[in-house]
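Spelled out from the first residue to the last, the chains are:
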Amino acid sequence: EVNFVNDFYISVYNITTGKLIHRYQSPINHYFFSPVWLDNEHLISIILENEGKMLARINPAKETMDIIPRKDQGEIKHLRIDSDTLYYISGHSGKDEFYRATLNGDTCERIGEARFGFAYPAQNRSNGEWMLSDYTSNGYRIIGIDPRKSTTKPLSQVEPGTYKLADELAKQEESTIN
């Protein structure tokens, strides 16, 4: 939720009565993207920091927020929660790949490396496998990734994507545009 002076909030309403239950604003007025409920008290949201987009666990009732982990991950989307693990798509490497992070922030790793990019993860609850849309040179195909069997790589070891042309064009700008 946003007001007329650009204060950003996570607002929780009673769905039956329509009454506001909680309204949370982070200490530095983060913009919140795609919040999803973790349990009856906490939610996970993508937030925008000065260093880039990050993941945050928020308790609106207690007005607390933890960033998990504190590292720019590029474009983050498609948040999915399974038990104590958050699964999501991140563009950290320059292409959309499949990641997971423990909700206590101890571990964040890539569990699926894409040739061109992944999208729309959905879990097959009968076998724990994650189904994803995999972009190929012939269009999309559905693939399965079993997180118990996949080759993982810690986020800290995944090289961030570089955009040489964009960097060169930015150097040619005479001034910063606000």
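Computed from a predicted model, the values in this text were never measured in an experiment.

Conventions we followed
- Residues numbered from 1 in each chain as written.
- Predicted model: local features only at pLDDT ≥ 70, side-chain atom pairs only at ≥ 80, totals over all residues.
- Heavy atoms only, no water.
- Helix = DSSP H or I, 4+ residues; strand = E, 2+ residues; numbered from the N terminus.
- Buried < 20%, exposed > 50% of the residue type's maximum accessible area, 1.4 Å probe, protein only.
- Areas by Shrake-Rupley, 256 points an atom, 1.4 Å probe, with all protein chains shown as cover.
- Lys, Arg positive; Asp, Glu negative; His and termini not counted.
- Charge placed at Lys NZ, Arg CZ, Asp CG, Glu CD.
- Pairing = 2+ DSSP bridges.
- Axes fitted to C-alpha atoms, helices over the stretch in contact; angles between N-to-C directions.
- Contact = heavy atoms within 4.5 Å.

Enquirer: What am I meant to see in the overall build of the protein chain here?
Expert: The secondary structure content of the protein chain amounts to 1 helix and 14 strands. Expressed as lengths along the three principal axes of its C-alpha atoms, the size of the protein chain is roughly 55 × 50 × 30 Å. Buried positions account for 38% of the 178 residues belonging to the protein chain. For the protein chain, the accessible area works out to roughly 11100 Å², and carbon and sulfur atoms hold 48% of it. Separation of charge centres in the protein chain, based on 20 positive and 25 negative side chains, amounts to 5 Å.

Enquirer: Would you explain the sheet that holds strand β5 (residues 52-59) in this entry?
Expert: One key point about sheets: their strands pair by backbone hydrogen bonds, in either a parallel or an antiparallel sense. The antiparallel open sheet is built from 4 strands, whose spatial order is β3-β4-β5-β6. Every interior strand has two partners, whereas the edge strands, β3 (32-37) and β6 (64-67), have only one. Neighbouring strand axes in the sheet, compared pairwise and without regard to direction, differ in orientation by 30 degrees on average. Here β5 pairs with β6 via 4 bridges, running antiparallel. Paired with asparagine 59 across the two strands is threonine 64, which belongs to β6.

Enquirer: Sorry if this is basic, but what is going on with the side chain of glutamine 73 here?
Expert: Tracing the sequence through the fold places glutamine 73 in the loop between β6 and β7 (76-82). Of the residues examined, glutamine 73 reaches a relative accessible area of 0% and is grouped as buried. Those residues within four positions of glutamine 73 in sequence are excluded, and the remaining contacts are Lys53, Leu55, Tyr88, Ser90, Gly91, His92, Cys108 and Leu155.

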